[in-house]
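# A closer look at the structure
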Amino acid sequence: MGVKFQIQVRFQKLIRGNMKILAILMFISISFQACSQQLAMEELESRKKAQIIVDEYLSYQVKDKDYILFSSDDAFFIIFVKDSNSFHEYYIDNSNEFVQVTRRDTIIVGENELYNKMFDVSSYRKDYTSFRTEFYKNGYDISSGSYTYFVMVTNSGVRIGECRLSMFVKPTPMAAEIYLYFVNRMLKNAGRL
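Keep in mind it's a predicted model, so treat the numbers as computed, not measured.

A separate point is the overall build of the protein. When helices and strands are tallied, the protein shows five helices and seven strands. Sequence-ordered secondary structure for the protein, helices as α and strands as β, is α-α-α-β-β-β-β-α-β-β-β-α. Looking at the protein as a whole, 36% of its 193 residues are labelled buried. Across the protein, every contact between residues at least 6 apart in sequence was considered, and the portion connecting residues at least 24 apart equals 56%. Total accessible area on the protein is roughly 12100 Å²; 57% of this is exposed by carbon and sulfur atoms.

Turning next to the environment of aspartate 120. Of note, aspartate 120 is situated in the loop between helix 4 (113-118) and strand 5 (129-130). Its relative accessible area of 35% is what places aspartate 120 among the partly exposed residues.

Applying the stated criterion across every chain yields a total of one cavity of 30 Å³ or more. In terms of lining, the largest cavity is formed by Arg47, Ala50, Gln51, Val54, Tyr67, Leu69, Tyr149, Val151, Val153 and Arg159. Among the elements of the structure, helix 2 (41-57), strand 1 (67-72) and strand 6 (142-153) are those that each provide at least two residues to the lining of the largest cavity. No other element matches helix 2, which puts four residues into the lining of the largest cavity. Its residues assigned to classes, the lining of the largest cavity shows seven nonpolar, one polar and two charged.

Okay, the packing of aromatic side chains next. Counted under the stated rule, the structure contains 17 aromatic pairs. Residues phenylalanine 80 and phenylalanine 182 carry aromatic rings whose centres are separated by 6.1 Å and whose planes lie at 85° to one another, so their mutual orientation is edge-to-face. In this pair, phenylalanine 80 sits in strand 2 (residues 76-82) while phenylalanine 182 sits in helix 5 (residues 176-192), placing the two residues 102 residues apart along the sequence. With relative accessibility at 0%, the residue phenylalanine 80 sits in the buried group. By way of ring pairs, the aromatic residues Phe70, Phe80, Phe87, Tyr115, Phe119, Tyr124, Phe150, Tyr179, Tyr181 and Phe182 are connected into one cluster. Above the face of the tyrosine 147 ring, arginine 164 is positioned so that its terminal group lies 3.9 Å from the ring centre.

Another aspect to go through is the pairing of strand 3 (residues 87-93). When you tally the buried positions in strand 3, you get seven out of seven residues, the bulk of the element. Both faces of strand 3 are covered, namely the face carrying Phe87, Glu89, Tyr91 and Asp93 and the face carrying His88, Tyr90 and Ile92. Two successive antiparallel strands, strand 2 and strand 3, enclose a turn made up of four residues.

To continue, consider the confidence of the model for the protein. With 75% of its residues at a pLDDT of 70 or more, the protein has an overall mean of 80. Across the protein, the secondary-structure element scoring lowest on mean pLDDT is helix 1 (residues 2-35), at 47, and the one scoring highest is strand 1, at 96. Taken as a whole, residues 21-36 scores under 50 in pLDDT and shows zero contacts with residues more than four places along the chain or in a different chain.

Parameters at a glance
Residues numbered from 1 in each chain as written. Predicted model: local features only at pLDDT ≥ 70, side-chain atom pairs only at ≥ 80, totals over all residues. Heavy atoms only, no water. Helix = DSSP H or I, 4+ residues; strand = E, 2+ residues; numbered from the N terminus. Buried < 20%, exposed > 50% of the residue type's maximum accessible area, 1.4 Å probe, protein only. Contact = heavy atoms within 4.5 Å. Areas by Shrake-Rupley, 256 points an atom, 1.4 Å probe, with all protein chains shown as cover. 1 Å grid on protein atoms, 1.4 Å probe; cavity = no way out; pocket = protein on both sides within 12 Å on 5 of 7 lines; lining within 4 Å. Points joined across faces, edges and corners; volume = space filled by probe spheres on them. Nonpolar A, V, L, I, M, F, W, Y, C, P; charged D, E, K, R; others polar. Phe/Tyr/Trp six-rings, centres within 6.5 Å; stacked < 30°, edge-to-face > 60°. Lys NZ or Arg CZ within 6 Å of the ring centre and 35° of its normal. Pairing = 2+ DSSP bridges. pLDDT = per-residue confidence, 0-100.

Here it is in structure tokens:
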């Protein structure tokens, strides 16, 4: 009986040890799934449409460069590209079958604090932000207008500050002056056509 008892004790210890490992693995798995953000269908659709516009019309212009994309209703796009000594702004109207591409070049002489801030990754949240994410868990002061999509893409293809919100929103998940700049540019470009 002594040997049989020792085998049972060892077997129970082995099971308890494996159960602890299994419990730890399950906890890690659940934690990982909770931390990884699942995007809603409309969020994925905005990202996809923006990428199609960049790939189709500006792949050469953004290659190996940092750029910011801001869109309204997945139909009107501003792409702001940081070049070595200038910034290039592109406005694309994809609301009908006649796609209009307008290029406006802005050459910055000296330092421009706002443009530098736009391309500073610390100006943005790392996670995707929408009205259903943690950033807006306590609500918001203002939300009005068409939905917008925003992302900064680094020269290595990393997405930063990605969000899908509304045209007029407070608070914003980035510096307010950056978001306001793109809203103003969108409204000015829409008024020119």
